[in-house]
Amino acid sequence: LHTLPWPTTAPDAYLADRNSVFIGYVYTLTSASSAVIAARLSHLARVVHPTIPVDKLPPQFQNSAPSRRGSTHDMYAFRVMQLKPGRSGRGGAGDFGTAQGAEDDGEKWGGGRVMRAVREAGASDVLVVVSRWYGGEMLGPVRFEHIERLGVHVRTQRRARRACACIARACK
């Protein structure tokens with residue numbers, strides 16, 4: 001679990017609203033396997049979330065042990081380009097298809113909103129997660145704006161980091 005790469009996130013992928021906190025993350029994904037996705041979600045909950053500074057969490061989570069500071073909901077969407085069954089990849093673009101899916105994790109329609117952000121960004125080979133720590137007050141429909149906004153921010157940040165890495169390699 002500790003050997004998995006950390007997800008990309010950014011300061012713009014953090015949002016607090018009426019004691020609820022939302023944080024967006026993106027993992028690189030090369031397989032739509034449920035085991036691979038589960039491993040990344042477990043990494044997020046057991047390794048990443050405990051490292052969040054307590055002053056960034058809602059008050060009711062701030063005095064909890066690190067292992068008890070997990071989010072209330074981890075809504076996610078994934079899109080992965082992969083070989084179609086029975087294809088080798090030598091037949092060109094038609095040998096490939098996109099596997100995708102989303103999960104609400106109890107935040108009704110949240111996974112669909114993350115998927116919308118992923119599709120609109122044209123993202124592929126990613127698992128985008130928006131974690132929410134519920135602060136005790138219902139936010140209403142504005143929570144969907146928060147979820148989509150964070151999905152877009154984290155994807156944009158990942159694209160910018162990739163571009164910087166490519167430029168750095170070219171300058172060597």
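Values in this document were obtained by computation on a predicted structure and should not be read as measured data.

Visitor: Can you tell me about the pattern of salt bridges, naming the residues and giving the values?
Guide: Scanning the entire structure with this criterion turns up 6 salt bridges. Salt-bridge contacts for Glu-107 lead to Arg-143; the nearest nitrogen and oxygen are separated by 2.5 Å. Here Glu-107, found in the loop between strand 4 (96-103) and helix 3 (110-120), pairs with Arg-143, found in helix 4 (residues 142-170); they are 36 residues apart in sequence, far enough to count as distant. Here the residues in one salt-bridge network are Glu-107, Arg-132 and Arg-143, joined through shared partners.

Visitor: Quick rundown of the sheet that holds strand 4? Include the residues and the values.
Guide: An order of 1-2-5-3-4 is seen for the 5 strands of this open sheet, with the pairing classed as antiparallel. Taken across any chain shown, the strands that pair with only one partner, and hence form the sheet edges, are strand 1 (14-17) and strand 4. On average, each strand axis in the sheet is inclined to that of its neighbour by 10 degrees, with strand direction left out of account. Pairing between strand 3 (residues 73-83) and strand 5 (residues 126-133): 7 bridges, direction antiparallel. Pairing of Tyr-76 across the sheet is with Val-129, part of strand 5. Along the sheet, helix 1 (residues 34-48) makes contact with strand 2 (20-28), strand 3 and strand 5, crossing strand 2 at roughly 135 degrees. Seen against the sheet, helix 3 touches strand 3, strand 4 and strand 5 and runs at an angle of roughly 45 degrees to strand 3.

Visitor: Now, about helix 3: what can you tell me, with residues and values included?
Guide: When we look at burial in helix 3, the residues that qualify are Gly-110, Gly-111, Val-114, Met-115, Ala-117 and Val-118. Buried residues of helix 3, seen end-on, are gathered within an arc of 160 degrees and therefore sit on one face of the element.

Scoring rules and cut-offs
Residue indices follow the written sequence of each chain, beginning from 1 at its first position. With pLDDT at 70 or above as the cut-off, local features in this predicted model cover only qualifying residues; side-chain atom pairs require 80 or more to be listed or tallied, and sums for whole chains, interfaces and linings still use all residues. Each side-chain value is derived from all of the structure's non-hydrogen atoms; neither hydrogens nor water enter the calculation. Note on definitions: salt bridges are taken to be side-chain nitrogens of Lys or Arg within 4 Å of carboxyl oxygens of Asp or Glu. Counting from the N terminus, the helices are DSSP H or I runs at least four residues long and the strands are E runs at least two residues long. Strand pairing requires that DSSP identify at least two bridges connecting the strands. Between N-to-C directions, angles cover 0 to 180 degrees, with each direction set by a line fitted to C-alpha atoms, over the stretch in contact for helices. Should any heavy atoms of two residues lie within 4.5 Å, those residues are considered in contact. Burial status follows relative accessibility: with a 1.4 Å probe on protein chains alone, a residue under 20% of its type maximum counts as buried, one over 50% as exposed, and anything between as partly exposed. It is the directions from the helix axis to the C-beta atoms that the arc portrays.

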